[in-house]
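Structure at a glance
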Amino acid sequence: MEIKIAGMNDLEGILALHKRYHVTSISPEDKPDGFVTTNFTQEQLQALIEQERGITIAKDGDTVIAYAMAASWQFWSAWPLFIHMIQKLPEHSFNGQALSVENSYQYGPICVDKLYRSTGVFDAIFYASLASMVHRYPIMITFINKINPRSYAAHTKKVTMDTVCTFQFNNNDYYMLACPTNQKPA
Ligand SMILES: CC(C)(COP(=O)(O)OP(=O)(O)OC[C@H]1O[C@@H](n2cnc3c(N)ncnc32)[C@H](O)[C@@H]1OP(=O)(O)O)[C@@H](O)C(=O)NCCC(=O)NCCS
């Protein structure tokens, strides 16, 4: 398995994985193990790859088997959910620092092909994504829908993230979680 920062030539493989586990196209039998909800245009994905250097991928041979997205709040501010999160940031602190768009960034969605779940691929890509941002930001922030218990278990038990708060948006209940970017795998 190879873990790397994605380039534009990885886009097709990323999109295939994204479509398989997106809430609008996931199969009913896969849905209980989690799904992704963020929609991207081609231009947004290109900016995420080229300007933010924000997609970490795991490949098995030529196949993209996992991705983790991460970018500045400025990038994410095109989505209403992230505007809501940006507004909530200053209400909360992490490690003694008030959260802000300057000292934090947003990670997610993350997706692991179901054939590779519970194999350590999740932890590996999580920490690789974190390491890719450590020189830019001290704090990583993410959100998890409360109806995705597998993702919450992965992010609080397999890797170390703390729950900062819960919030509602568009009739959905979410956790907001944070961690320092300079942490290493346990
Ligand atoms: C979320 C995701 C990235 C986690 O990766 P993963 O490889 O499944 O994670 P792991 O299996 O290592 O860890 C998850 C843990 O949750 C446990 N778990 C599984 N189903 C669960 C459930 N319904 N409720 C609570 N815990 C659950 C697992 O047993 C596992 O712990 P264990 O290995 O000690 O048994 C992956 O499941 C995925 O891609 N899901 C679809 C997309 C998604 O939901 N992305 C996150 C939202 S953006």
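For the structure on display, the rule yields 15 aromatic pairs. Their ring planes at 20° and their centres at 4.0 Å tell us that Tyr-152 and Tyr-175 sit as a pair that is stacked. Here Tyr-152, found in helix H6 (residues 149-158), pairs with Tyr-175, found in strand S9 (residues 172-180); they are 23 residues apart in sequence, far enough to count as distant. Grouping aromatic residues by their ring pairs yields a cluster made of Phe-40, Phe-75, Trp-76, Trp-79, Phe-82, Phe-143, Phe-167 and Tyr-174. Residue placement shows Lys-31 over the ring face of Phe-35; its charged tip is 5.4 Å from the ring centre. Positioned above the aromatic ring of Tyr-21 is the side chain of Arg-117, whose terminal nitrogen or guanidinium carbon lies 4.7 Å from the ring centre.

What follows concerns H6. Turning to H6, its buried residues are Ser-151, Ala-154 and His-155. Down the axis, H6 shows its buried residues gathered within 85° of arc, on one side only. Those residues of H6 that are exposed and aimed more than 90 degrees away from the buried face are Pro-149 and Lys-157. Structurally, H6 contributes buried residues whose contacts are with strand S6 (104-112), helix H5 (121-133) and strand S7 (139-145).

The next subject is the site of the ligand. With respect to spatial proximity, 18 residues lie near the ligand, and among them Ile-110, Val-112, Ser-118, Arg-150 and Lys-158 are the closest. Within the side chain of Asn-148, a nitrogen or oxygen atom sits 2.9 Å from an oxygen atom of the ligand. The separation between an oxygen atom of the ligand and a polar side-chain atom of Lys-158 is 2.7 Å. Relative to its free-state accessible area of 920 Å², the ligand is covered by the protein chains to the extent of 74%. Within the residue set of the shell around the ligand, elements represented by two or more residues are S6 and H6. Here the shell around the ligand takes 6 residues from H6, the largest share from any one element. Residues belonging to the shell around the ligand are distributed by class as follows: 10 nonpolar, 4 polar and 4 charged.

Time to look at the environment of Phe-169. Within the secondary structure, Phe-169 sits in strand S8 (residues 162-169). Along the sequence, Phe-169 and Leu-81 sit 88 residues apart, while their C-alpha atoms lie 6.9 Å from each other. Contact partners of Phe-169, with chain neighbours within four places excluded, come to Pro-80, Leu-81, His-84 and Tyr-174.

The buried count for strand S2 (residues 55-60) comes to 5 of 6 residues, which makes it a mostly enclosed element. Of the strand pairs in this sheet, strand S1 (residues 2-5) and S2 are connected by 4 bridges, and their pairing is antiparallel. Within the sheet, the bridge partner assigned to Lys-4 lies in S2 and is Ile-57. Note that S2 and strand S3 (residues 63-71) share 6 bridges and pair antiparallel. Bridging from a neighbouring strand, Lys-59 pairs with Val-64 of S3. Remark: 2 residues form the turn of the hairpin made by S2 and S3, two consecutive strands paired antiparallel; Gly-61 in that turn has positive phi of roughly 65°.

Rules of the game
Residues numbered from 1 in each chain as written. Predicted model: local features only at pLDDT ≥ 70, side-chain atom pairs only at ≥ 80, totals over all residues. Heavy atoms only, no water. Phe/Tyr/Trp six-rings, centres within 6.5 Å; stacked < 30°, edge-to-face > 60°. Helix = DSSP H or I, 4+ residues; strand = E, 2+ residues; numbered from the N terminus. Lys NZ or Arg CZ within 6 Å of the ring centre and 35° of its normal. Buried < 20%, exposed > 50% of the residue type's maximum accessible area, 1.4 Å probe, protein only. Arc of directions from axis to C-beta. Contact = heavy atoms within 4.5 Å. Near = heavy atom within 4 Å. Polar contact = N/O pair within 3.5 Å; in protein donor to acceptor, adjacent residues only side chain to side chain. Areas by Shrake-Rupley, 256 points an atom, 1.4 Å probe, with all protein chains shown as cover. Nonpolar A, V, L, I, M, F, W, Y, C, P; charged D, E, K, R; others polar. Pairing = 2+ DSSP bridges.

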